[in-house]
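# Descriptive analysis of the structure
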Amino acid sequence: MAQEMPGGCACGRVRYVVAAADDDAYLCHCRMCQRTTGSVSIALKSVKQADVRWSHEPDWYESSPIARRPYCRECGTSLGFQFKEGSDKMDLTVASFDDPSRFKPKHHFGAESIHRAWLNTEGLKEIRTEDYPVLVDKWVEATGSFPG
Ligand SMILES: [Zn+2]
């Protein structure tokens, strides 16, 4: 049932593989997660620490007296959350998985800090990356092609 799923940071220095038991994930809205990721909310997947194999260990940010957060000091990617003690589980950031698409949000956490204007954005104008010429032109100028 558990599927081995790889992931890692933006620059590729920190990599992991985890046995994900299911597709359940959640959105955290707490201020600590907002500040450490720079995001209005952060999608997290809870896993057992013992099921995570780091092929290159992450750096750890001591974000509070009770928790620490794996990240990459080279590219700055936020990779998750872990209590310092008292739990055999940890969270990995959904978007750090190589394929985040299977995970589905099952609940909100840190509800006291939800920025409600960002919760339901369905219906807003949608612009695809390849339809933004400023960005495409810069890629073509720098590398000869657009990677999208
Ligand atoms: Zn990195």
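A brief look at the structure comes next. Sequence order sets the numbering: in each chain, residues are counted from 1 along the sequence as written. Residue-level local features of this predicted model are given only where pLDDT is at least 70; pairs of side-chain atoms are given and counted only at 80 or more, and the full residue set underlies all totals for whole chains, interfaces and linings. In computing side-chain values, all of the structure's heavy atoms are included and hydrogens and water are not.

## Here's the deal with the sheet that holds strand β4 (residues 42–48)
Pairing in this open sheet of seven strands is mixed, and the strands run β6-β7-β8-β9-β4-β3-β10 from one edge to the other. Looking at which strands have only one partner, the edges of the open sheet turn out to be β6 (59–61) and β10 (104–109). For this sheet, the mean angle separating the axes of adjacent strands, direction not counted, is 35°. Relative to strand β9 (residues 89–93), β4 runs antiparallel, the two being bridged by five bridges. Two strands qualify as a pair provided DSSP detects at least 2 bridges between them. By the criteria applied, helices consist of DSSP H or I runs no shorter than four residues and strands consist of E runs no shorter than two, each listed in order from the N terminus. Only the contacting stretch of a helix is used when fitting its axis, a line to C-alpha atoms as for every element, and angles between N-to-C directions run 0 to 180 degrees.

## Side note on the sheet that holds strand β2 (residues 15–20)
An order of β1-β2-β5 is seen for the three strands of this open sheet, with the pairing classed as antiparallel. Looking at strand neighbours, the two that pair on one side only are β1 (3–8) and β5 (52–56), the edges of this open sheet. The average undirected angle you get between the axes of adjacent strands in this sheet is 20°. Summarising the sheet, β1 and β2 pair through six bridges and their orientation is antiparallel. Paired with M5 across the bridge in β2 is V18.

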